[in-house]
Every structure is written in structure tokens, then in C-alpha cells.
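# Observations on the three-dimensional arrangement
Chain by chain, the residues run as shown.
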Amino acid sequence: MTLSRRNFFGIMAGTGSMILGRTKKATAWESKAPDNPYACLVDLTRCVGCRKCEEACNQANHLPPPDISFDDKRVFDTKRRPDDSRYTVVNRYYGGKKNEQDELLPTFVKIQCMHCQDPSCVSACIVGALTKKDNGAVHYDVSKCIGCRYCMVACPFEIPAYEYHNPMTPQVRKCTFCFEKISKTGGRPACASVCPMEAITFGPRKKLLDIANKRIHENPGKYVHTIYGEKEMGGTSWMYLSAEPFESLGFQKLPLAPPPKLTETIQHSLFSFLWSPILLYSVLSGVMCLKNKDDKGGSHES
Amino acid sequence: MSHNPYPLQKKFFTPGVYVMLVFMLAGGVTILARFIGGIGYVSNLTNLYPWGLWIGIDVASGVALAAGGFTTAALAHIMGKHQYEPIIRPALLTAALGYTFVVLGLLVDIGRTWAIWKPMIYWNPNSVLFEVAMCVMIYLNVLYIEFIPIVTQQFKSRFRLLGVLEEHLDKIMWIFIVAGVVLSCMHQSSLGSLMLIAPTKVHPLWYTPILPLLFLVSAIAVGYPMVIFETTLITSSMNLDAEMDTLTPLSKISIYLLGLYMILKIGDMIVRGTYIYLFDFTAQSNAFLCEMGLGGVVPWIMLCFEKIRQSRKGLFIISCLIIFGVLINRINVFIVGFKPFYSTTSYFPAIGEILVTSGLIATLMFIYRLAVTWLPVLSAKAKKGGV
Ligand code: SF4
Ligand code: SF4
Ligand code: SF4
């Protein structure tokens, strides 16, 4: 192989200007979260476990009929996770709350995609099939998806599900935040509008945070002083109020920094404008040029 | 030092080759089943464990163990250490085959196989996986280009055009060689960044922000042991000279590379204080101790003894241990250390997953053998002839 000096210095000069041209602007990571998207506030003290939300979700998304019918309470005997046939499930916990007879009282917890403000799944998706919309929904575009399932690896709430038994055209399945519905003025998610206890409040995120804080302060002793989802993983569009510690109700204690912060910082500080590959390329060609100089012609086969 | 790679032209069908064929057949049938019944039909993958054996071994370990290709190219071509040229071709062949199988493994693993081309159109530069995919794709092509001279050399006497191609290619080959090294550094490290998006799921013994650096250094460190491993394997199975005079000095470099890797890993453990998990006696802590001890400390100590390095057997054992260490590391990061919060069971690969992976590995070995038999890859002389 031959690598002339001219080539080499050409590359070096090119790199130099590339790197200089790169403004010294700090590559500090910035959140891409919408300022005041739609959100839902779930008040666990109101939920009675009627599973009307599950049923409404099933119909709104044309999902297959459930294994255990929506009015059968035996379903609570096991803890369920959302999957490709149900985007939301209600689980029963005994978090320690008791009645006057000293019997443990159940708390029902509805779970679904949290529609994170800086979603890991969106940052991870290889093709950008998942996007965070301005209205708050984390939206899935099946026409781009290749089925790598990296979104599922990434999601801290362990939500996206996969159609493992579809051989050719499987999809990632998760709560859509009823994207179509909430895109229309006055539209609300199916689960939120059906709830008979008004346990799910739909509205702009900032307003819901005000409502949540108001409920906490107007009912001293009723709620724990945390709004789950306000800050967890950079904040989410679905948030929860509870009378019992969240950890006893199946919620994880999560870090506050959104995971994409670390990965995107690494990726962009290493690869923005491809500066490091170009630099490495020039250095290596330089070394190659010098080391093989005396080796006339150097035409060893490769 | 002159070397002349030549096709071995030895008997191809040995009992070992028949074993390979059996595995290939079993793998093929399983792949067929996957495309009829879906991924769930042949695997134990679930919503909580979306990645398993196929990503952990076929992709992550495959890429790491194919590192011999770029490390030898860097040594012999870029650093100008021409005495190592005899090992370039076998390493290149392994890399080209290895990466081909990474892609084949991916084709089985991803849900929408026919959509594999989509990342070329729909870009997400925030995604680590996107960068890995791009690098692997380009690098695979670079490897094929680097491989062309081996084919042209064999057939140019029959087709004149190939000779012309070879000549022109030779002039610009340096572009591809350097590109190969750069691309490798990029995706070897990014493979480590992949799991950083899941801080709550990866066990703290492995979850560290320097995971990309650890992946890069370990890939470089495993490159030469991998070359030693396969050279020893193929020369002994084909009854050739062991090329010890190339391999022993090569192993000396490993002292520094493996040493650096160990320092980084242990230092990281001390800085993050994760040594508190070391003696938990969970699957994770045991796997970590096994990875570090058997796959790191032991071979490093062995490497320090000149005597062991000079014996063919000793060198082979060292290489096996280092390869084992890196292999276990990748499996640990992607499978053993991956513990989702809501999981009630742990993941263990299904027989179908194992059959696909073993089938792919058998195919790789089969083609490797095919290539060294009919193409000028190896330079080792038949045993008694000497070099
Ligand atoms: S909960 Fe999971 S799937 Fe939903 S937006 Fe957040 S990261 Fe994505
Ligand atoms: S499975 Fe689909 S949506 Fe999920 S990361 Fe891969 S391409 Fe994106
Ligand atoms: S927002 Fe829509 S998709 Fe999500 S759980 Fe409610 S009804 Fe189901």
C-alpha cells in the first residue's frame, strides 16, 4: 500500500480545520421535554379496582378479549404486567393501610406507559420509531420499527411489550396515551374519561402538579408527600398520588436524572461532527506513513 | 521475514466436519421454525428480557472476538511490524466471517428481519445502537474489501481482470485498513455504551460510565489471544507448524493490554465502591469473580512467565482463559447482570436459541475451514519442513 506524504498532510490539515471550526460550545446535555404537555394524575386513594379503565383501553385500542373477564376480581390474585394484549393493568397491593377492625386494606394501582418527559425508549430507538410528541404522548410508528427491542431494554418502567409470536410483522405494544383522541380539542384518554371515581385526572402537566400539591396540603395526613412521576427519571406525563409509601405499592425508587442524559452526553461528546474518528484516522494514517517510510513501495499484500 | 500464504488443499471431510454439519442442520431447522412460529416459538425471550443469548453471544461476543482483525492490522500494517504479517490473513478471515455471523445472528433476532435496511434511512444519532449498526455495516464492507486480494491472488492466473483489480486496490488499500481500525474502535466501545441506557437493570458490578472504555480495551486485549487460539487450533488440526516464533512475541504485548484492562476494571470497582457486592454469593457476584479471576488474573500471571509463553500448550491455555474472560464479560453485561425490577423469573436460553447460536458457530468454522483449504490464507508450513 502506498500512502504519500501529500495525502497525509492533506488529511491532517483537514482535521485541524474541522476541529478548530467546531465551536467550543459546551456539549452540555439539554432536556428535550415539552414544557407543559398533557398528563394524567392518578390518585390511588380514589381507585376502587373496578377495572373499567382496562376495559375502556381494550376497546379503544381494539385489543383481544381478556383471559379473565373485566368484572372478575380473581384477577387480583396475581400481579400482572401490561403486555401486547393489554396496555394497562390494575394490580392490588396491601401497602399497610388498615381499617378500624385492624384488617389490611387494599390499594389498587393502575399501570401503563408513563410517557416520560425524556424517555429512554425514544433516545434508544435505533430508527426513531418512538417519539415524544408535544402533547405528551410517546408515540410509536410501526413503519420505521425494525424490531430490535432496544426500547424494551431501555425503558426503566419495563413497559413496552412485544408480539413474540408474530413471525414477520411483530410490533412493539404499549399504551398510546390515546394519541388520536388527545390530539383533538377536548379529547381525553379512554381510561381517564371512563373512570367512575375520577381517580384519573387528565390535563396540562403543570396544572395537574398544582392540583396534586393542593390535594396533599388540603388533606393533611392523607397523602405521602411525594408526587410519583414529578421528578423520577426526569419526570413523566403520568403521575401518582398515594396514601402509602410508593415502594410498598410496587413502584421502584428511581434516580431523578433521565438515563438518556448519560448516553447522549457520551455519544455527542465523542462523535459530534465525527471529530474523534477523523482525528484517529489522521493520526493512524500519519503513523502508518512514518512507520512504513523506509519500507520502499511497501507493497505487501494486505 | 518472508511469508507465503498458500491454500492447504488438504482433505476436507474429516469427522469434525461432519459434526459441524449436524449442528448446521439443527440450527437451520430452528431458524426455519423461528420464521414460521415467531421469536417466541423458539426462544425464552420475554417482555422483561428482550435480549438474550443471540444478542449476548452472536452479537456482543461475536464482535469482541473478531477483534483480532483490526488489532493485527494495526500492528502489522500501521505500526509497521511486518514480522507479524503471517497472522494477518487468518485474523482477517476470522473477522470477516465473525462479522458476517453477527449480521446473520441479528437477522434472526430482530422481529422485522426484512426491515433491517431501515436504519440507513431513518437515523437516530442519539441512539447508541444506531451508531453500532452503522459502524458494523460499514466495517463489514471494509473487511470484504480487505479480503479481496486473497481471492484475486488465487484466481488471477485464470481471470486477467482480477490481476488489474488487485493492482489498483493495493494502491488505496491503506484507506481501508485505517478505516477498519477507526470503525472498530468506535463500535467496540459503543457496544459497551449500549447498556448504559438501563441503569436500573444492569447489576452495579458491571454498570459503570466507563463501560465503553472497558469494552474497547478488552476487545483490543482479546485480539491477539484470539489469533493465537485459532492459529494453534488450525495448525494442530491441519498438522502444520505451530508458528511459535510469531505467537510468543505477540503474547508479550498481551501482558500490557490485559494488565491495563485489569487496572481499569479493578480501579473502577474501587472508585465506585462496588466491591461490597463481590461476596454476595449470588449468580451475579459469582459470575463476576469467575470473569475476573479465571479470565483475567490467572492468565495475566501465567503470561508473566516466559516459560509458559514459549510453550505451545501454555500459550494456548492462556489464550483460552483470556478469551473465556472476555466472553463471560459480554455474557455478564448483557445477560447475567441484566436484572429487571419486575422480573419474577430469571432468563435462561431456550434450546432453540442455543441451537441457532451453535449452528451459526458451526457454519462459521465450516467456512473457515473451506477458506483455508482453498484460498491462500495460512502461511504455516507442514510440520517437519519448518519455516
Ligand atoms: S415508560 Fe417506558 S415506554 Fe413509556 S415513555 Fe417511558 S421509557 Fe418509554
Ligand atoms: S423495537 Fe422498534 S421501536 Fe423499539 S427500539 Fe427497536 S426499532 Fe425502535
Ligand atoms: S391512555 Fe389510552 S392507551 Fe393508555 S392506558 Fe389509557 S386508554 Fe389505554
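Above this note sits the structure.
Residues numbered from 1 in each chain as written. Chains lettered and ligands numbered in written order. Predicted model: local features only at pLDDT ≥ 70, side-chain atom pairs only at ≥ 80, totals over all residues. Heavy atoms only, no water.

## Some thoughts on the site of ligand 3
All residues adjacent to ligand 3 are Cys57, Asn61, Thr88, Lys110, Cys175, Thr176, Phe177, Cys178, Pro189, Ala190, Cys191 and Trp238 of chain A. Looking at the shell around ligand 3, its residues break down into eight nonpolar, three polar and one charged. (Near = heavy atom within 4 Å. Nonpolar A, V, L, I, M, F, W, Y, C, P; charged D, E, K, R; others polar.)

## Things to note about the pattern of salt bridges
Residue and element names in this part refer to chain A. According to the stated counting rule, one finds 14 salt bridges over all chains in the structure shown. In this structure, Asp43 and Arg46 form a salt bridge, with 3.7 Å as the shortest nitrogen-oxygen distance. The salt bridge partner of Arg80 is Glu54, with a shortest N-O separation of 2.6 Å. Of the two residues, Arg80 sits in the loop between helix 2 (52–60) and strand 2 (89–93) while Glu54 sits in helix 2, which places them 26 residues apart along the sequence. Side by side, Arg80 and Glu54 carry an identical accessibility label, which is buried. When salt bridges that share partners are traced, they join Asp43, Arg46 and Arg215 into one network. (Salt bridge = Lys/Arg side-chain N within 4 Å of Asp/Glu carboxyl O. Helix = DSSP H or I, 4+ residues; strand = E, 2+ residues; numbered from the N terminus. Buried < 20%, exposed > 50% of the residue type's maximum accessible area, 1.4 Å probe, protein only.)

## So, the site of ligand 1
Around ligand 1, the structure places 13 residues, and the nearest of them are Cys113, Met114, Cys116, Cys121 and Cys155 of chain A. Of the residues that constitute the shell around ligand 1, the class distribution is ten nonpolar, two polar and one charged.

## Structural notes on the nonpolar core
Side chains of nonpolar character tend, in soluble globular proteins, to be buried together. Among the nonpolar cores identified, the biggest contains 137 residues, and Tyr150 of chain A together with Phe334 and Val372 of chain B are the most heavily contacted of them. Those residues within four positions of Phe334 of chain B in sequence are excluded, and the remaining contacts are Trp51, Ile55, Gly56, Ala60, Leu191, Leu194, Met195 and Phe215 of chain B. Counting 41 residues, the second-largest nonpolar core is a separate cluster that includes Val75, Ile159, Ala199 and Trp238 of chain A. (Core = buried A, V, L, I, M, F, W, Y, C linked by side-chain atoms within 4.5 Å. Contact = heavy atoms within 4.5 Å.)

## As for the sheet that holds strand 8 (residues 200–204) of chain A
Residue and element names in this part refer to chain A. The three strands lie next to each other as 8-1-9, forming an open sheet whose pairing is mixed. Two strands in the sheet have a free side with no partner beyond their single neighbour: strand 8 and strand 9 (238–241). Strand after strand, the sheet turns through a mean of 25° between neighbouring axes, direction not considered. Bridge count between strand 1 (residues 38–43) and strand 8: five bridges; the pairing is antiparallel. Residue pairing for strand 8: Cys40 is matched across the bridge by Phe202. Across the sheet, helix 7 (residues 205–218) touches strand 1, strand 8 and strand 9, and the angle it forms with strand 8 is around 135°. (Pairing = 2+ DSSP bridges. Axes fitted to C-alpha atoms, helices over the stretch in contact; angles between N-to-C directions.)

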